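Below, each chain spelled out in residue letters.
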Amino acid sequence: MMKFIRKNKFLVISLLLLAIMTFVDVTLTYTALENTGSQLLDMLLIVPPIFLLIGLFDVWVDRETVIRLMGQSSGIKGMALAFFLGAFSAGPTIAAFPLAMVMLKKGARYSNVLFFLMVWSSLKLPIVFFQVTQLGFSFAMLINVIMLAVFIVAALISEKLYTKSELEAFEKKAEELS
Amino acid sequence: MIIYGIAIGLTIVSAIIDIEKTKNGFKKGAKSFLKLMPVLIPLFLFVGILLAVVTPEFISSLLGEESGFIGIVLGLSVGSITFMPPFVAFPLGKELLESGGAYPQVAGFLVTLMSVGIVYFAAETKFFSKKSAIIRNSVSFIGAIIVVGVVAVIYG
C-alpha cells in the first residue's frame, strides 16, 4: 500500500484533492474532470503521429549520426539542430520527452537535449505566431529573445552541474524508457 | 494536422524501403506511448483540478494595474505553480494587458507558465532525475526573473 502511494504520489494527491473539492463544491469536481477529459482527448488526437515519428527515428537514424550531429563535440551545430527540432515541432511538451529519450539513448549531448526540450516548451513556432497575434510583435519578441538567451545559458550551466556518471545514468535510463 | 501528413508520408516511404524496419519502428513508437501514459493520466487529472480552481478571473484579480512588486511576485509564483495550454494562456495575457495589467507582471506570469512547472517537474523526474528537474526549473525561474527585469526597464 505504502509502496503504491509512493509510486503514484501524483495520482493519490489528485484523487484526494478531488474528494475535498466534492465536499466544498461539486460543480468544481465536474469542471475538473471535464478539463481532464478534454486534455486527454486533445492529447490522443495530436500524439499518435508524434510517436510514429519517434519510432521511425529510432529505427532509421543510427547512433553514429546522432553522435556526430548532436553529441559531445557537436558544438554550435548541435545546438542549432536542437533549436530547429524544437522550434519546428507540434504537440504538447509532454510529447517531447519520449523524443528526448531517444536522442539521449543514441548519444546526443545532455545540454543539447535539454535545450531542445526548453525550446519545444516555449519557443515552438506555431505558439510564437499565436503569441504575436495576441500580445503584439514587440512584447512577444522581447520575451522570446530573452528566453532563448536564457535557455542557451541554462542548458550549458545545468550540464556542468552533473558528474560524468550522472550523465551516463541519464543515458541508461533513456535506454530503459524508450 | 500537417503532422499527420508528415507521419503517414514518412511511414509509407519507410515501408517501401524496408517493411520489417517500419514494423519495428511502429512497435517502438507504440511502446514509448504506452510508457508515457502512466505519467500522463495523473498529471492531466491534476492539471484539470488546477484549471477548475485557478480561473482567469482569479488571475486577473492578482495581477491588476496597481499590483506593483507584489504583483510581480504573484505573477511569477502563480505562473510557476499552474499550467495552462498556450491557447488559453496567451489570450488571457492579452486580456490582462487590456484590462490594465502591467507588462512585467504579465510577462513573468506567461514565461513561468510556459517554462516552470509541476507538469515538467513530474515528467522530468520520471525521465531524467529529481536533480535534473530541480535544476532546470530553478534555472528557468531565474530566467523568468531576468525577463521581468528587462520588460520592467523597457515598458516601465
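Residues numbered from 1 in each chain as written. Chains lettered and ligands numbered in written order. Predicted model: local features only at pLDDT ≥ 70, side-chain atom pairs only at ≥ 80, totals over all residues.

**Observations regarding the overall build of chain A**
Phase 1 of the analysis: Assigned secondary structure in chain A consists of 10 helices and zero strands.
Phase 2 of the analysis: From first element to last, N terminus to C terminus, chain A shows the α and β order α-α-α-α-α-α-α-α-α-α.
Phase 3 of the analysis: On the principal axes, the C-alpha backbone points of chain A span a range of 55 × 50 × 35 Å.
Phase 4 of the analysis: Here chain A holds 178 residues, and the buried ones make up 39% of them. (Helix = DSSP H or I, 4+ residues; strand = E, 2+ residues; numbered from the N terminus. Buried ≥ 20, exposed ≤ 12 C-beta atoms within 10 Å, placed from the backbone.)

**Quick look at the interface of chain A and chain B**
Phase 1 of the analysis: Tallying the contact residues gives 55 residues for chain A and 57 residues for chain B.
Phase 2 of the analysis: Where the side of chain A that touches chain B is concerned, the elements lending two or more residues are α2 (9–24), α3 (26–60), α6 (96–105), α7 (110–122), α8 (125–135), α9 (137–160) and α10 (164–177) of chain A.
Phase 3 of the analysis: In terms of residue count, the dominant contributor to the side of chain A that touches chain B is α3(A) (20 residues).
Phase 4 of the analysis: In terms of residue class, the side of chain A that touches chain B is made up of 40 nonpolar, 14 polar and one charged. (Contact = placed C-beta atoms within 7 Å. Nonpolar A, V, L, I, M, F, W, Y, C, P; charged D, E, K, R; others polar.)

**Considering the nonpolar core**
Phase 1 of the analysis: One finds Ala100(A) and Phe115(A) to be the most contacted residues of the largest nonpolar core, which totals 87 residues.
Phase 2 of the analysis: By residue number, the principal contributor to this core is helix α2 (residues 19–53) of chain B, which donates 12 residues.
Phase 3 of the analysis: Inspection of this core shows a minimum of three residues originating in each of domain 1 (1–46) and domain 2 (61–177) of chain A.
Phase 4 of the analysis: Other than its neighbours up to four places away in sequence, Ala100(A) contacts Val113(A), Phe116(A) and Leu117(A). (Core = buried A, V, L, I, M, F, W, Y, C linked by C-beta atoms within 7 Å. Domains from an automatic or database assignment.)

**Overview of the packing of α3(A) against helix α1 (residues 2–17) of chain B**
Phase 1 of the analysis: Between α3(A) and α1(B), the shortest axis-to-axis distance is 9 Å and the interhelical angle comes to 35 degrees. The element α3(A) and its partner α1(B) pack so that their crossing is left-handed. Across the interface between the two elements, Pro49(A), Ile50(A), Leu52(A), Leu53(A), Leu56(A) and Trp60(A) from α3(A) touch Ile3(B), Tyr4(B), Ala7(B), Leu10(B), Thr11(B) and Ser14(B) from α1(B).
Phase 2 of the analysis: For the contact of α3(A) with α1(B), the residue count by class is 10 nonpolar, two polar and no charged. (Axes fitted to C-alpha atoms, helices over the stretch in contact; angles between N-to-C directions. Left-handed = near helix turned anticlockwise from the far one by under 90°.)

**A look at the environment of Leu56(A)**
Phase 1 of the analysis: Relative to the helices and strands, Leu56(A) resides in helix α3.
Phase 2 of the analysis: Residues in contact with Leu56(A), not counting those within four places in the same chain, are Leu10(B), Thr11(B), Ser14(B) and Gly25(B).

**Regarding the confidence of the model for chain A**
Phase 1 of the analysis: Scored by pLDDT, chain A has a mean of 86; 99% of the residues are at 70 or more.
Phase 2 of the analysis: Highest mean pLDDT in chain A belongs to helix α5 (residues 75–87) of chain A (91); lowest belongs to helix α1 (residues 2–7) of chain A (74). (pLDDT = per-residue confidence, 0-100.)

**Comments concerning α2(A)**
All names here are of chain A.
Phase 1 of the analysis: Taking 1.5 Å as the rise per residue, α2 with 16 residues should run 22 Å; its terminal C-alpha atoms sit 23 Å apart, in good agreement.
Phase 2 of the analysis: Those residues of α2 not exposed but buried are Phe-10, Ser-14 and Met-21. The buried residues of α2 occupy an angular sector of 30 degrees when the element is viewed end-on, so they sit on one face. Exposed residues lying more than 90 degrees from the buried face of α2 are Lys-9, Leu-16, Ala-19, Ile-20 and Phe-23. (Expected span 1.5 Å × (residues − 1). Arc of directions from axis to C-beta.)

**Structural notes on the environment of Gly48(B)**
Phase 1 of the analysis: Position of Gly48(B) among the secondary structure elements: in helix α2.
Phase 2 of the analysis: Judged by local crowding, Gly48(B) falls into the buried class, with 23 C-beta atoms found within 10 Å.
Phase 3 of the analysis: Sequence separation between Gly48(B) and Met84(B) is 36 residues; the distance between their C-alpha atoms is 9.7 Å.
Phase 4 of the analysis: Apart from residues lying up to four places away in sequence, Gly48(B) is in contact with Ala32(A), Leu33(A), Asn35(A), Thr36(A) and Gln39(A).

**A word on α5(A)**
All names here are of chain A.
Phase 1 of the analysis: For α5, with 13 residues, the first-to-last C-alpha span of 19 Å sits near the 18 Å given by 1.5 Å per residue.
Phase 2 of the analysis: Three or more residues of α5 are buried, namely Gly-78, Met-79, Ala-82, Phe-83 and Gly-86. Buried residues of α5, viewed axially, fall in a sector of 140 degrees; they line one side.
Phase 3 of the analysis: Contact partners of the buried residues in α5: α4 (63–70), α7 and α9.

**Section: the environment of Val132(A)**
Residue and element names in this part refer to chain A.
Phase 1 of the analysis: Within the element layout of this structure, Val-132 appears in helix α8.
Phase 2 of the analysis: On the neighbour-count criterion, Val-132 (16 C-beta atoms within 10 Å) is partly exposed.
Phase 3 of the analysis: Remark: the alpha-carbon pair of Val-132 and Thr-163, spanning 31 residues in sequence, is separated by 40 Å.
Phase 4 of the analysis: Not counting chain neighbours up to four residues away, the residues in contact with Val-132 comprise Phe-137 and Ala-140.

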